[in-house]
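One-letter residues, chain by chain:
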Amino acid sequence: MPSILDSLPALRCPYYDVGPGSCTLWAYREAVCSTFFCKYVAGADGRKLWMSIKTLLSLVEIQLSRYALFKLHPEYIHHHRSRGETESGPLTADQLDEEAPPEAEYRAMWRGWTGREAELYRACFADVRGLSAADVERLLGLDGTLEQVILDRLYAAAVSPELPEVLRFNPDATVQRSREPQHDLAHVPPRAHPFHRLADLGPRHDEIDRRPPVP
Ligand code: SF4
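Residues numbered from 1 in each chain as written. Predicted model: local features only at pLDDT ≥ 70, side-chain atom pairs only at ≥ 80, totals over all residues. Heavy atoms only, no water.

## Notes on the packing of helix 3 (residues 43-72) against helix 7 (residues 117-129)
Here is step 1: Interaxial distance between helix 3 and helix 7 falls to 9 Å at its minimum, and their mutual angle equals 115°. Considering their axes alone, helix 3 and helix 7 lie roughly perpendicular with respect to each other. By crossing handedness, the relation of helix 3 to helix 7 is classed as right-handed. Contact residues: Leu64, Tyr67, Ala68, Leu69, Lys71 and Leu72 in helix 3; Leu120, Ala123, Cys124, Asp127 and Val128 in helix 7.
Here is step 2: Looking at the contact of helix 3 with helix 7 residue by residue, the classes come out as 9 nonpolar, no polar and 2 charged. (Axes fitted to C-alpha atoms, helices over the stretch in contact; angles between N-to-C directions. Helix = DSSP H or I, 4+ residues; strand = E, 2+ residues; numbered from the N terminus. Parallel < 35°, antiparallel > 145°, perpendicular 65-115°, else oblique. Left-handed = near helix turned anticlockwise from the far one by under 90°. Contact = heavy atoms within 4.5 Å. Nonpolar A, V, L, I, M, F, W, Y, C, P; charged D, E, K, R; others polar.)

If you want it as structure tokens, here you go:
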């Protein structure tokens, strides 16, 4: 099904390869990419649900990588290197250029895995693949339990929304014109941009009160 990204390549991710129609980075998309959508089913409730899934998936990624490193390369954990985000100070030139650090620092980081880096990644993958669902839940701990409780609540809100008693018009809401003429909104004036503010579509009710009338 054609999407808006077909006509607006500037909106595409720079890592997307149009030829094969695939990502040039990931064989299996990670937490951020797999939960990003230009538009969410169920509106704001759907967006909150996917943001919650992203939080949980990110926690899974972090805990699994730390678990595997702790088993296979514990010196890395002992020297707090798995917590790069807590390091203060300006970025170095090699960090900005996404290049390897100087030789001595590189060896201090990889230690016995220097020259065998790909082997470490494969060993981590094999280790993590052997974990059961119960193992993963244990690794996620209390944070994982809390995130799953939140996710369950947001899922229920997204699939069974409860309408408020008074519905108010959102003046910034937009509607997309159909590419099929027979599905088009007859009163929508033709525009170059596929989105229109609902406020531009003509007469409307700013507020709908669903409460039963007071006798
Ligand atoms: S999976 Fe992520 S990095 Fe890859 S093309 Fe899609 S958005 Fe870009």
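## Focus on the side chain of Ser52
Here is step 1: Along the chain, Ser52 turns up in helix 3.
Here is step 2: The contact partners of Ser52, leaving out residues within four places of it in the chain, are Glu147, Ile150, Leu151 and Leu154.

## Some remarks on the site of the ligand
Here is step 1: All residues in the neighbourhood of the ligand are listed as Cys13, Tyr15, Tyr16, Cys23, Leu25, Trp26, Arg29 and Cys33.
Here is step 2: Across the shell around the ligand, the residue classes break down as 7 nonpolar, no polar and 1 charged. (Near = heavy atom within 4 Å.)

## Side note on the packing of aromatic side chains
Here is step 1: In the structure shown here, the tally under the stated rule is 4 aromatic pairs.
Here is step 2: Both rings, one in Trp110 and one in Tyr121, keep their centres 6.4 Å apart while their planes meet at 50°; by these two values the pair is tilted. In this pair, Trp110 is assigned in helix 6 (residues 103-110) and Tyr121 in helix 7, connecting sequence segments 11 residues apart.
Here is step 3: Ring pairing ties together the aromatic residues Phe37, Tyr40 and Trp50, which thus form one cluster.
Here is step 4: When the ring centre of Trp113 is taken as reference, the NZ or CZ atom of Arg116 above it lies at 4.3 Å. (Phe/Tyr/Trp six-rings, centres within 6.5 Å; stacked < 30°, edge-to-face > 60°. Lys NZ or Arg CZ within 6 Å of the ring centre and 35° of its normal.)

## A closer look at the packing of helix 3 against helix 8 (residues 133-159)
Here is step 1: Across the interface, helix 3 lies against helix 8 with an axial gap of 9 Å and an inter-helix angle of 170°. It follows that helix 3 is roughly antiparallel to helix 8 by the angle criterion.
Here is step 2: Tallied by class, the residues present in the contact of helix 3 with helix 8 amount to 16 nonpolar, 6 polar and 4 charged.

## Topic: the nonpolar core
Here is step 1: Leu49, Ile53, Leu56, Leu59, Val60, Leu64, Leu131, Leu140, Leu151, Leu154 and Ala158 together form the largest nonpolar core, which totals 11 residues.
Here is step 2: Elements supplying a minimum of two residues to this core: helix 3 and helix 8.
Here is step 3: Discounting residues that sit within four places of it in the chain, Leu151 has contacts with Leu49, Ser52, Ile53 and Leu56.
Here is step 4: Core analysis: the next-biggest nonpolar cluster, separate from the first, contains 8 residues, Ala68, Ile77, Trp110 and Trp113 among them. (Core = buried A, V, L, I, M, F, W, Y, C linked by side-chain atoms within 4.5 Å. Buried < 20%, exposed > 50% of the residue type's maximum accessible area, 1.4 Å probe, protein only.)

## Considering helix 8
Here is step 1: Its 27 residues give helix 8 an end-to-end C-alpha distance of only 25 Å, which falls more than 12% under 39 Å, the value for a rise of 1.5 Å per residue.
Here is step 2: Along helix 8, the sharpest kink reaches roughly 105°, centred on Gly141.
Here is step 3: Burial in helix 8 covers these residues: Leu140, Gly144, Glu147, Leu151, Leu154 and Ala158. (Expected span 1.5 Å × (residues − 1). Bend = angle between axes of the 7 residues up to and from the residue.)

## Re helix 7
Here is step 1: Between its first and last C-alpha, helix 7 extends 19 Å over 13 residues, near the 18 Å set by a 1.5 Å rise per residue.
Here is step 2: The set of residues buried in helix 7 consists of Glu117, Leu120, Cys124 and Asp127. Buried residues in helix 7, looked at end-on, bunch into an arc of 80°, giving them a common side. Exposed residues on helix 7 whose side chains face more than 90 degrees from its buried face are Arg122, Phe125, Ala126 and Arg129. (Arc of directions from axis to C-beta.)

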